[in-house]
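Chain residues, written in single-letter form:
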Amino acid sequence: MILFKKINDLRKYIDVQHQLKKSIGFVPTMGALHEGHLSLIRSSLSIADITVCSIFVNPTQFNDPTDFEKYPVTLEADIGLLEASGCQVLFLPSVKEIYPGGIPQSGHYDLGYLETVLEGRFRPGHFQGVCTVVDRLLGIVCPDHLFLGQKDYQQCMVIARLVELSGKTGEINIHICPTLREADGLAMSSRNRRLSSSQRQQSVAIYRVLTGIREGLRPGELKPLRLEAVGKLKEAGLAPEYIEIAEAGNLQILEEWDGASKLVALVAAFMGEVRLIDNILLN
Ligand code: AMP
């Protein structure tokens with residue numbers, strides 16, 4: 001695996017690959033890699049000639065400074081995992097390399113409705129920060145294929161919108177990969193490392209509640225199902241920020257279901273200081 005820290009060096013490498021007509025698959029991450037990230041790498045390896053993984057803990061997408069400070073960093077282990085996976089390139093830029101003019105205060109991306117609900121509503125500025133860094137990274141890596149996890153359902157939609165806004169819809173194929181879970185159902189996440197073992201056990205309630213919604217889903221009023229879910233999360237010691245049932249295609253929040261439209265249930269909840277998110281498709 002080749003490790004690049006400088007944009008210019010990576011750019012030269014990418015230019016050569018393009019001249020050789022090699023396709024580029026890109027997996028952007030913030031490190032503290034787990035099997036979920038590696039599943040994206042494997043998908044890329046199976047589709048693209050060259051897989052580029054980036055590790056960059058992007059300061060512009062953290063609305064909570066403590067979350068940024070405490071974000072897990074496990075660089076040596078990450079490099080070992082990537083090497084073993086067969087990933088050809090790791091891009092590991094510094095903050096200065098990505099933001100030479102200083103950390104931008106806010107983005108200017110027209111994300112419309114997507115920025116007003118769920119993660120957009122509870123993490124103001126978060127998606128602008130995501131777009132700022134992904135826009136920058138896409139400009140550097142120029143991928144043919146981009147691999148994203150369904151774990152961050154709304155982020156997948158935001159990035160699809162970013163690709164559209166930057167006129168790259170035909171150039172970049174977006175692949176949304178399924179959420180990898182621990183044996184008990186907890187969605188894998190770098191932030192899980194911050195949970196104590198009892199918190200880790202309690203957090204499985206998120207998945208149980210989501211599957212409970214799927215099992216209890218009937219046409220008509222959705223509110224009772226949602227309220228029951230909130231109660232169960234609280235019983236398990238979680239502090240839910242939101243739990244919503246939405247149209248899978250556009251994230252319109254629903255209070256009632258016609259029995260036909262495709263739905264997704266999405267949760268954000270705190271376990272102690274750690275904010276966890278998850279979602280499942282319901283039908
Ligand atoms: P992160 O390092 O958390 O920014 O995640 C980098 C990429 O990995 C994003 O596209 C995530 O959606 C994806 N990802 C994170 N957790 C999982 C998981 N459990 N299963 C599949 N993909 C994941």
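See the structure above.
Residues numbered from 1 in each chain as written. Predicted model: local features only at pLDDT ≥ 70, side-chain atom pairs only at ≥ 80, totals over all residues. Heavy atoms only, no water.

Concerning the sheet that holds strand β3 (residues 50-55)
Reading across the sheet, the 6 strands line up as β1-β4-β3-β2-β5-β6 and stay open at both edges, with parallel pairing between neighbours. Looking at strand neighbours, the two that pair on one side only are β1 (2-4) and β6 (173-177), the edges of this open sheet. When the angles between neighbouring strand axes are averaged without regard to direction, this sheet yields 25 degrees. Note that β1 and strand β4 (residues 89-91) share 3 bridges and pair parallel. (Pairing = 2+ DSSP bridges. Helix = DSSP H or I, 4+ residues; strand = E, 2+ residues; numbered from the N terminus. Axes fitted to C-alpha atoms, helices over the stretch in contact; angles between N-to-C directions.)

Examining the sheet that holds strand β11 (residues 274-281)
Here we have 3 strands laid out as an open sheet, ordered β8-β10-β11, and antiparallel in their pairing. This sheet does not close on itself; its edge strands, each paired only once, are β8 (239-247) and β11. Geometrically, the sheet is characterised by an average inter-axis angle of 10 degrees between neighbouring strands, direction not taken into account. Packing of helix α11 (residues 223-235) onto the sheet brings it into contact with β8 and β10 (263-271), and relative to β8 it is tilted by some 150 degrees. (Contact = heavy atoms within 4.5 Å.)

Section: the site of the ligand
If you check the shell around the ligand, you find 16 residues, and the closest are M30, H37, D152, L180 and M188. Between the ligand and M188, the relevant distance is 2.9 Å, taken from a nitrogen atom to a main-chain nitrogen or oxygen of the residue. Contact with the protein chains covers 92% of the free accessible surface of the ligand, which is 480 Å². Across the shell around the ligand, the residue classes tally to 8 nonpolar, 6 polar and 2 charged. (Near = heavy atom within 4 Å. Polar contact = N/O pair within 3.5 Å; in protein donor to acceptor, adjacent residues only side chain to side chain. Areas by Shrake-Rupley, 256 points an atom, 1.4 Å probe, with all protein chains shown as cover. Nonpolar A, V, L, I, M, F, W, Y, C, P; charged D, E, K, R; others polar.)

Digging into the side chain of S189
Position of S189 among the secondary structure elements: in the loop between β6 and α9 (197-202). Here S189 is in contact with H34 and K151, once residues within four sequence places are set aside.

Re the pairing of β6
Sheet topology places strand β5 (residues 145-149) next to β6; 5 bridges connect them, and they run parallel. Its bridge partner lying in β6, F147 is registered against H175. Viewed along the sheet, the connection from β5 through helix α8 (residues 153-165) into β6 turns out right-handed. (Right-handed = clockwise from strand over helix to strand, strands pointing away.)

Regarding the pattern of salt bridges
It is possible for side chains bearing opposite charge to pair when their charged atoms get close. Across all of its chains, the model carries 16 salt bridges by this definition. Residues R200 and D184 are paired through a salt bridge, measuring 3.1 Å at the closest nitrogen-oxygen approach. Note that R200 is positioned in helix α9 and D184 in the loop between β6 and α9, a separation of 16 residues in sequence. By relative accessible area, which is 31% here, D184 ends up partly exposed. Taking the shortest distance from any N to any O, the salt bridge between E244 and R226 comes out at 3.9 Å. Here the residue E244 occupies a position in strand β8, and R226 occupies one in helix α11, the gap between them amounting to 18 residues. Here E244 matches R226 in class, with each residue buried. Taken together, the shared-partner salt bridges connect D67, K70, R123, R191, R194 and E273 into one network. (Salt bridge = Lys/Arg side-chain N within 4 Å of Asp/Glu carboxyl O. Buried < 20%, exposed > 50% of the residue type's maximum accessible area, 1.4 Å probe, protein only.)

Digging into the packing of aromatic side chains
Tallied over the entire structure, the rule returns 5 aromatic pairs. Seen from their ring centres, F122 and Y242 are 5.6 Å apart, and the 35 degrees between their planes marks the pair as tilted. One end of the pair, F122, is in helix α6 (residues 119-122); the other, Y242, is in strand β8, and 120 residues separate them in sequence. A residue is classified by how much of its surface remains accessible, and F122, at 25% relative accessible area, is partly exposed. Judged by relative accessible area, Y242 falls into the buried class, the value being 7%. Of the aromatic side chains, those joined through ring pairs into one cluster are F62, F68 and Y71. (Phe/Tyr/Trp six-rings, centres within 6.5 Å; stacked < 30°, edge-to-face > 60°.)

A look at the packing of helix α10 (residues 205-216) against α11
When two helices pack together, their arrangement is given by the angle between their axes and by how far apart the axes lie. Where α10 contacts α11, the two axes come as close as 10 Å, and the packing angle between them is 160 degrees. Our classification of the angle between α10 and α11 gives roughly antiparallel. You can see that α10 and α11 cross each other, and the crossing is right-handed. The segment α10 lies against α11, with A205, I206, V209, I213 and G216 engaging L225, A229, K232 and L233. (Parallel < 35°, antiparallel > 145°, perpendicular 65-115°, else oblique. Left-handed = near helix turned anticlockwise from the far one by under 90°.)

What to know about the nonpolar core
In terms of nonpolar packing, the biggest core is built from 46 residues, with L10, V52, F91, I98, L138, L251 and L266 touching the most fellow members. In terms of residue count, the dominant contributor to this core is helix α7 (residues 126-141) (9 residues). Residue contacts for L138: discarding those within four places in its chain leaves F26, P143, L146, L162, V163, K168 and I172. In terms of nonpolar packing, the next biggest core, distinct from the first, is built from 27 residues, I206, A229, A236 and V267 among them. (Core = buried A, V, L, I, M, F, W, Y, C linked by side-chain atoms within 4.5 Å.)

Function cannot be read off these values alone, since they describe shape.
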